[in-house]
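# Summary of the model geometry
Take a look at the letters that make up each chain.
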Amino acid sequence: MSSGPGAASVPAPDPHDSPPTSDTRPRKSSMFSSLKVRNYRLFFMGQVVSNIGTWMQRIAQDWLVLSLTGSSAAVGITTALQFLPMLLFGLYGGVLVDRLRKRPTLLVTQSAMALTALALAVAVLTGHVQVWHVYVAAFAVGLATVVDNPARQSFVSELVGPRQLQNAVSLNSANFQSARLVGPAVAGILITGVGTGYAFLFNGLSFIAPLTGLLLMRARELHVIERAPRGKGQLREGVRYVTGRPELIWPIVLVGFVGTFAFNFPVYLSAFADDVFHAGAGAYSMFNTLMAVGSVAGALLAARRGTARLRLLIAAALVFGALEIVAATTPTLWMFALLMVPLGLFGMTVNVTTNTSIQMSTDPAMRGRVMALYMMVFLGGSPVGAPIVGWITDTYGARVGLAAGGAVAALAAAVIGLVLARVGNLRLSVGWHRGHPRVRFVPREHREELAPAA
């Protein structure tokens, strides 16, 4: 791969790929093509079960804290404790991931999260649970996530190789969002019927599926990547690596703005359901369900595409921000609800395209550190931005809050798109093509040849 700043790059072909002379560039394929790979199929099936358990625990954890304390602030503290380790130690987790073998690492982190959930289940079911137990469990899960998240993200390329990476990353996102449709509903039934303890118990036991999948994988079929040797300054090396490459740093900056200001949907949607449309928890649940439907559709469409271009990322972020502004002005509940589907679709397109383009532009030996930085920015954005957008929403109203978040996302996309165009020596071309308007970036040196006919 090219190591020069601004160069379009993909991981170098791995010597274990078969056949060794095959083209490793991503290409358009069937929507589920990566599931033909046995190791990835085991990984995917395990994540189906585990993701449902994860969503169940999220709902049960918030409800348990609220029932123990009666305080929404305590729920916020629990969320902050779960994200705090990623903010503090995320880059160090990436350094570890680059040094360690991914499959054994995931066996350890997934086991740790399973034991945490089972311990919390025991505390609840025996009637000895206190709020500090939940705080400790949330922080422990956050610590495991510091290593587990970049390890899982970078392990995908070892499962399928660079040619299927786009498809596999997209299917992972569809997997997680599909669980978002099932997990909260099952959690609600369990909490109402038998209590929160059984939701934690299900999550703990759900880790049996991914652990079994990891153990059944065939090591000889992995696209093994050479690990980074232990050495000083590897954290600084990772940061320098990202900041020296526009194709990495600017997508991360963009997803930082989008995640911090535009993705705080718990704040926005609850305010619209309660304060704008006066429809209560039922409307809030409906908004989230429709957004999850759009997210699944967006992930599946991304799986169908063979490439993850930066221009698609910029366009999706622009449309996503514009849709939030439009949604903020809708006069009726049903118009607002229907807009949740395209919002989910374009929001997922931003997520998947950023994830895939970053992985495809990163040297395999640096992938753990780069993905850790990406996840730190993306996962850390919402907790940091929530108080800001919450204050705007409380002070000026839900419509202003949502519109402001959308405006920040659209403006960031426009500015970063211009920056990338300047770095790539491109210019904006506006014209007509086959009777339709067309807006695109073209090389400056080809201005005359490529100018579309009026």
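Quick caveat: nothing in here was measured; it's all calculated off a predicted structure. Residue indices begin from 1 for each chain and proceed along its sequence in written order. Per-residue local features of the predicted model are confined to residues with pLDDT of at least 70, and side-chain atom pairs are confined, for both listing and counting, to 80 or more; whole-chain, interface and lining totals are unaffected and use all residues. Side-chain metrics rest on all non-hydrogen atoms present in the structure, leaving aside hydrogens and water.

Topologically, S157 is positioned in helix α4 (residues 131-160). Judged by its relative accessible area of 6%, S157 is buried. As for S157 and V169, which are separated by 12 residues in sequence, their C-alpha atoms are 8.9 Å apart. Among all residues touching S157, those that are not within four sequence positions of it are L165, H223, I225, Q359 and R367. Helix and strand definitions here come from DSSP, where helices need a minimum of 4 consecutive H or I residues and strands a minimum of 2 consecutive E residues; each element is numbered from the N-terminal end. The rule is simple: take the accessible area with a 1.4 Å probe, protein chains only, and divide by the maximum for that residue type; under 20% is buried, over 50% is exposed, in between is partly exposed. We call two residues in contact when some of their heavy atoms are within 4.5 Å.

It is worth spelling out the environment of G298 at this point. Within the fold, G298 resides in helix α11 (residues 280-304). Separated by 43 residues in the primary sequence, G298 and V341 place their C-alpha atoms 9.5 Å from one another.

Together, L84, L87, L88, F89, Y92, L143 and V384 give the surface a local cluster of nonpolar side chains, amounting to about 610 Å² of exposed area. Per element, the largest residue contribution to the nonpolar patch is 5 residues, and it comes from helix α2 (residues 72-99). Residue placement: L87 occurs in helix α2. In this scheme, patches are assembled from residues that exceed 30% relative accessible area and form no salt bridge. Like charges are connected within 9 Å, while nonpolar side chains (Val, Leu, Ile, Met, Phe, Trp, Tyr) are connected within 5 Å. For the accessible areas, the method is Shrake-Rupley and the probe is 1.4 Å, while residue cover comes only from the protein chains on display. In the sections that follow, a salt bridge refers to a side-chain nitrogen of Lys or Arg positioned within 4 Å of a carboxyl oxygen of Asp or Glu.

Classification of ring pairs uses Phe, Tyr and Trp, with its six-membered ring standing for Trp, and accepts pairs whose centres are within 6.5 Å; under 30 degrees between planes counts as stacked, over 60 as edge-to-face, and the remaining range as tilted. Using the criterion set out here, one finds 13 aromatic pairs in the structure. Ring centres 6.4 Å apart and planes at 75° place the aromatic pair F265 and Y268 in the edge-to-face group. Here F265 pairs with Y268, and both are found in helix α10 (residues 265-276), just 3 residues apart, close to one helical turn. The burial state of F265 is the same as that of Y268; both residues are buried. Aromatic rings pair up to connect Y40, F43, F44 and F155 into one cluster. In our convention, an over-ring charge means Lys NZ or Arg CZ found within 6 Å of a ring centre and within 35 degrees of that ring's normal. Over the face of the ring belonging to W55 we find R58, whose NZ or CZ atom lies 4.6 Å from the ring centre. Directly above the ring of Y241 sits R245, whose terminal nitrogen or CZ lies 3.9 Å from the centroid.

A few words now on unusual backbone geometry. With a phi angle near 50°, H278 is a residue other than glycine that sits in the positive phi range. When you line up the elements, H278 lands in the loop between α10 and α11.

Here we take up helix α9 (residues 246-262). Between its terminal C-alpha atoms α9 stretches 23 Å, which fits the 24 Å expected from 17 residues at 1.5 Å a residue. Across the 17 residues of α9, 12 count as buried, placing the element largely inside the fold. Of all the residues in α9, the buried ones are P246, E247, L248, P251, I252, L254, V255, G256, V258, G259, T260 and A262. Each helix should span, by expectation, one fewer than its residue count multiplied by 1.5 Å.

The next subject is the environment of L165. Within the element layout of this structure, L165 appears in helix α5 (residues 165-193). In this structure the C-alpha to C-alpha distance between L165 and S357, which are 192 residues apart in sequence, comes to 9.8 Å. Ignoring anything within four residues of it in the chain, the contact list for L165 reads V156, S157, V160, Q359 and M360.

We define a nonpolar core as any set of buried Ala, Val, Leu, Ile, Met, Phe, Trp, Tyr and Cys residues linked to one another through side-chain atoms lying within 4.5 Å. The biggest cluster of nonpolar side chains holds 37 residues, and the ones touching the most others in it are L254, F287 and F336. Of all elements in the fold, only α9, α10, α11, α12 (310-329), α13 (333-360) and α15 (398-423) reach the threshold of two or more residues within this core. It is α12 that provides the largest number of residues to this core, a total of 8 residues. Residues within four places of F287 in sequence aside, it is in contact with L269, F272, A273, F277, L333, F336, A337 and M340.

Moving on: the packing of α9 against α15. The packing of two helices is summarised by the inter-axis angle and the distance between the axes. Two numbers describe how α9 lies on α15: the axes approach to 8 Å, and their chain directions differ by 170°. One element, α9, and the other, α15, form an angle in the roughly antiparallel class. Note on element contacts: α15 touches α9 through G405, V408, A409, A412, A413, I416, V419, L420 and V423, opposite P246, W250, V253, L254, F257, V258, F261 and A262. Note on residue classes: Ala, Val, Leu, Ile, Met, Phe, Trp, Tyr, Cys and Pro are nonpolar, Asp, Glu, Lys and Arg are charged, and everything else, Gly too, is polar. Grouping the constituent residues of the contact of α9 with α15 by class yields 16 nonpolar, 1 polar and no charged. Note on geometry: axes are C-alpha line fits, over the in-contact stretch for helices, and angles between N-to-C directions span 0 to 180 degrees. Any angle between 65 and 115 degrees counts as roughly perpendicular, while under 35 counts as roughly parallel, over 145 as roughly antiparallel, and the rest as oblique.

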